[in-house]
Amino acid sequence: MPPLPPEIILHILEHLDDHSLASCRRISKDFAALAALPSLWLPRIERRWRYGTRFAVDSDPFGFYRDRDQLDVRAVEIVKGLAAGRAERIPPLNELRLLGDDVLNALCKEAALLRDEDEDMWLTRRYYAAQGSDAILRDASLRTWRNIAALDDASAGPDELMRSFEDGVAAFSGFRSWTSEMVSDMYDQHLPALIAACEPALAKIDTPIPFITAIVHATMDLMREVGIKSASPLDYHDLGNHYLSVVWTRAMEPDVVAQKGTLPMTMVSIFTSFIRRLPAAYNIQARPVGFPGNVISCVARRDAVRGEEDWVYVDIFRGSILQMDDLHRMLRDIGMAPDPTYFAPASPSAMCQRVANNIVHSATTQNPGTESISGALYAAAHALFILSPVGRAQHSRWLSSLIQAEYQFDVELLNNIALSSPPTTRKDLLLLAQSIKFEDSEEPTPKTRPESVTIPVGTIFHHRRHGYDGVVRGWDVTCLASEQWILQMRVDDLPGGRNQPFYHILAADGSRRYVAQENIDASAPVSIETIENLLADNEVGKWFRTLDDVRGRRCFVPSAQLEAEFPEL
C-alpha cells in the first residue's frame, strides 16, 4: 500500500487529542516533523491556556505546549498533595505561587471539579486549587501596586499613566478571583460598538472641543447601554461597587433590578479605559481628576503639551460635561476654596489610594452589601501600605491581624511588611510569621470523642429553634466560648446549659455558628437546596473531602486534616 500524502496525514493529526498527537512524534522522523508543526499546536495552546506567559509560542509551539503541560501536571500534583495532607500546607502553596500565572488555567480547572465517583477528595482539591489561584492573583495585584508606587508620573506619557490607572483599579478585583485579563475582556467585548458610535465624531476632529465632546457623549451612552450606571443612595456604599469584577458581573445581569449601579470612581475608571482603547487616529486621552467629594474625568488630545492641555471636564456619575464655573460652584457648595490640584489629572497612585480609602469607608457603613468585609479591608490595607507611607504602621497592623485570622497562607508577606515597617513593630511581625509557620507544620492533636458527644463531624442537621440547616465541622465537650458570649446568648438558660457539648457549624446561609447539642436535629430530612448551599461555601473543602451516604442520610466526609483532629467518627 503506497504511503499517504502528507496532506492526508496532517488532516488526520489535526483530529487527534493532544496526548495522542504528541505520541506520534515517536513513530518516525517524518512523523516527528509533521506532529510538531506550529499549525497543529498553536490552536491547542489558544484553547487550553488563557493566562500566563506567551514566551516562545511562535518560535517553538510544541516545546511551549510541552513545558506548560509539565507545569500543569506539577500544579495538580501539589493540589492533590495538599488535599491528602494533614499539615505543612504553606510550603506547597508557596510553590504554587512561584509557578504563578502559568498554572492559573490548571488551578481554575481543579477549582471547578464536580463530584466524581472515582475521586474521594474532590471538595478538598477544589478548595486548595482555589486557595492557590487566589494567592497568585493577590500576588499579581501587589506587583501592580508596587509598579505604580515606583512610577515617575512626571516623565510618564499619557498611555502609561492611563494604563497604570486602569491596572491599579483592576488590581482590587484580584482579591475577588478575577485576573486583569478578565477585566480587560469586558472592555474589548464592547469596543467595536464604541468605535462604531464614535466614528461620526471623526468629522469634527479638526475642532478639538466639539470632537472631544462627541466622543465623551458616545462613551457615556455606551456605558449606560451595557448596564454601567450610577448607584442609588441605598446602594452607594455596597462594597461590590469598588470591584470592577462585581460591577461588570452585575451589569451583565438580565434582571435590571440586579444592576445596582456603581460609584463615581469606578465609572471614571471604566470611562477612561474605554477611551484608552480607541484607535490612535482619535488622538485622545482621558484621565481621572481627584476632585473633592466626587471623582471626575478630564479629556484632551494626546499630543497636547503637558500643562497646556485644553481639558474637557466630565462628571461621569451624573452624565454631564462641566465648565470651570461649574467646578468652582461645586467647591463653594462644600465650603472649599479653589486649588489648582483639584483640576489637574490625578496620579494612578493617588487614585488607587482613594479607592482603598473608599473601601474602608464603605466597610464601616451600615449597608456594605454582601461582599466580604474582611476581604475588602485586606485589599485596601495592602494598597495603602504599598502606595502611602503615611499611616504605614497602622496598615501593617491591619495586615498582620487579617493574615493571622484569615489569610495564614499569605504568611510570607509578613516578612515583606516587616521590612517596610517601623522598627517597633518589625520584631512582632517576624515573630508572628514564625508562629503561623510553626502552627502550620504541626499535625492536629487528636480529640477522643466521649459518649456525651453524640453527633459525628460531617453530619448535616436542622437547627431546632432557629430553623436553619448546616453541617458539623467540630465539637467541644462543653461550651468553650467567652463568658461574654455565653451571657449574651443566654446559654445558661438552655436545659443543658454550658456543660453540654457544643458544635462548630458551617451554616447553609454561609455563616459560622457555635451550637448547643440540644438544638441540633440530626434526623431532619436533608434537602437538595441545603446540599447545594453548603457546596457553594468557599470553605467547605477545607473541612470535607466529599459527600457520602451513611445509613441512608447524606453527610460530608471529613478531610484528612479534620479526620486527624476528630478520628473517632
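The structure displayed is predicted, hence computed values, not measured ones.

Participant: If you had to explain the sheet that holds strand S1 (residues 284–289) to someone new, which residues and values would you point to?
Facilitator: In spatial order, the strands read S1-S2-S3-S4; together these four strands make up an open sheet with antiparallel pairing. At either end of the open sheet lies a strand with only one pairing partner, and these are S1 and strand S4 (320–322). Strand after strand, the sheet turns through a mean of 35° between neighbouring axes, direction not considered. Contacts from helix H13 (residues 264–276) reach S1 and strand S2 (296–301), with the element oriented near 165° to S1.

Participant: Requested: an account of empty space enclosed by the protein, with residues and values cited.
Facilitator: Going through the model one piece at a time under the given rule, you end up with two cavities of 30 Å³ or more. Volume-wise, the largest cavity comes out at about 50 Å³. Taken together, ten residues line the largest cavity, and the ones lying closest to its centre are Gly-227, Val-247, Arg-250, Ala-251 and Gly-261. Of the residues assigned to the lining of the largest cavity, the class counts are three nonpolar, four polar and three charged. Of the volumes computed, that of the second largest cavity is approximately 40 Å³.

Participant: Describe in detail the layout of surface pockets, supporting the description with residues and values.
Facilitator: In this model, the second largest pocket occupies a volume close to 530 Å³. Forming the walls of the second largest pocket are 28 residues, and the residues nearest its centre are Ala-140, Thr-144, Arg-163, Asp-167 and Ser-180. Considered class by class, the residues forming the lining of the second largest pocket number ten nonpolar, nine polar and nine charged.

Participant: Give a detailed account of the nonpolar core, specifying residues and quantitative values.
Facilitator: Judged by nonpolar contacts, the single largest core of 100 residues is most densely connected at Trp-145 and Trp-248. The element best represented in this core is helix H16 (residues 373–387), accounting for ten residues. Setting aside residues no more than four positions away along its own chain, Trp-248 makes contact with Trp-178, Met-186, Tyr-187, His-190, Val-226, Ile-228, Ile-270 and Phe-274. Counting 27 residues, the second-largest nonpolar core is a separate cluster that includes Val-472, Tyr-503, Ala-508 and Leu-534.

Participant: I'd like to hear about the side chain of Gln-561, residue by residue, with values.
Facilitator: Within the fold, Gln-561 resides in helix H23 (residues 560–565). Once you skip the residues sitting within four places of it in the chain, Gln-561 turns out to touch Gly-85, Arg-86, Arg-89, Tyr-128, Pro-444 and Lys-542.

Participant: Break down the packing of aromatic side chains for me, with residues and values.
Facilitator: One pass over the full model with this rule turns up 21 aromatic pairs. With 5.9 Å between their ring centres and 75° between their planes, Phe-175 and Tyr-378 make a pair best called edge-to-face. Of the two residues, Phe-175 sits in the loop between helix H9 (158–170) and helix H10 (180–198) while Tyr-378 sits in helix H16, which places them 203 residues apart along the sequence. Judged on exposure class, the residue Phe-175 and its partner Tyr-378 are both buried. Look at Phe-461 and Tyr-468: their rings are 6.5 Å apart centre to centre, the planes differ by 70°, and that puts the pair in the edge-to-face class. Here Phe-461 matches Tyr-468 in class, with each residue buried. Through a chain of ring-to-ring contacts, the aromatic side chains of Trp-41, Trp-49, Phe-62, Phe-64 and Tyr-65 assemble into a single cluster. Cation over ring: Arg-392 sits above Phe-385, and NZ or CZ is 5.1 Å from the ring centre. The cationic tip of Arg-513 hangs over the ring face of Tyr-468; the distance from NZ or CZ to the ring centre is 4.2 Å.

Participant: Lay out unusual backbone geometry with the relevant residues and their values.
Facilitator: Here the phi dihedral of Asn-283 falls at roughly 50°; this positive angle occurs in a residue that is not glycine. Mapped onto the secondary structure, Asn-283 falls in the loop between H13 and S1. Asn-283 sits in the buried class, given a relative accessible area of 18%. Positioned with a positive phi, Arg-490 is a non-glycine residue whose angle comes to about 55°. Taking relative accessible area as the criterion, Arg-490 reaches 57% and is therefore assigned exposed.

Participant: Could you give me a rundown of the packing of helix H5 (residues 61–84) against helix H7 (residues 104–111), with the residues and numbers involved?
Facilitator: It is at 9 Å that the axes of H5 and H7 come closest, and there the two elements cross at 40°. Compared by their axis directions, H5 and H7 come out oblique. The hand of the H5/H7 crossing is right-handed. Where H5 abuts H7, its residues Arg-68, Asp-72, Ala-75, Val-76 and Val-79 lie against Asn-105, Ala-106, Leu-107 and Glu-110. For the contact of H5 with H7, the class distribution of residues is five nonpolar, one polar and three charged.

Participant: So what about helix H15 (residues 348–363)? Which residues, and what values?
Facilitator: An ideal rise of 1.5 Å per residue puts 22 Å on 16 residues; H15 measures up with 23 Å between its terminal C-alpha atoms. What H15 keeps buried is the set Pro-348, Ser-349, Met-351, Cys-352, Gln-353, Val-355, Ala-356, Ile-359, Val-360, Ser-362 and Ala-363. Residues of H15 that are buried in the fold lie against helix H8 (122–149), H9, H13, S1, H16 and helix H17 (392–405).

Participant: Give a detailed account of the confidence of the model for the protein chain, specifying residues and quantitative values.
Facilitator: When pLDDT is averaged along the protein chain, the result is 90, and 96% of the positions lie at 70 or above. The element-level mean pLDDT for the protein chain is lowest in helix H3 (residues 29–35), coming to 81, with strand S7 (residues 502–507) highest at 97.

Participant: An account of the state of the cysteines is needed here, citing residue identities and associated values.
Facilitator: Within this structure, the stated rule accounts for zero disulfides. Free of any disulfide, Cys-198 has its nearest neighbouring cysteine sulfur in Cys-298, separated by 17 Å. Judged by its relative accessible area of 0%, Cys-198 falls in the buried class.

About the criteria used
Residues numbered from 1 in each chain as written. Predicted model: local features only at pLDDT ≥ 70, side-chain atom pairs only at ≥ 80, totals over all residues. Heavy atoms only, no water. Pairing = 2+ DSSP bridges. Helix = DSSP H or I, 4+ residues; strand = E, 2+ residues; numbered from the N terminus. Axes fitted to C-alpha atoms, helices over the stretch in contact; angles between N-to-C directions. Contact = heavy atoms within 4.5 Å. 1 Å grid on protein atoms, 1.4 Å probe; cavity = no way out; pocket = protein on both sides within 12 Å on 5 of 7 lines; lining within 4 Å. Points joined across faces, edges and corners; volume = space filled by probe spheres on them. Nonpolar A, V, L, I, M, F, W, Y, C, P; charged D, E, K, R; others polar. Core = buried A, V, L, I, M, F, W, Y, C linked by side-chain atoms within 4.5 Å. Buried < 20%, exposed > 50% of the residue type's maximum accessible area, 1.4 Å probe, protein only. Phe/Tyr/Trp six-rings, centres within 6.5 Å; stacked < 30°, edge-to-face > 60°. Lys NZ or Arg CZ within 6 Å of the ring centre and 35° of its normal. Parallel < 35°, antiparallel > 145°, perpendicular 65-115°, else oblique. Left-handed = near helix turned anticlockwise from the far one by under 90°. Expected span 1.5 Å × (residues − 1). pLDDT = per-residue confidence, 0-100. Disulfide = S-S within 2.5 Å.

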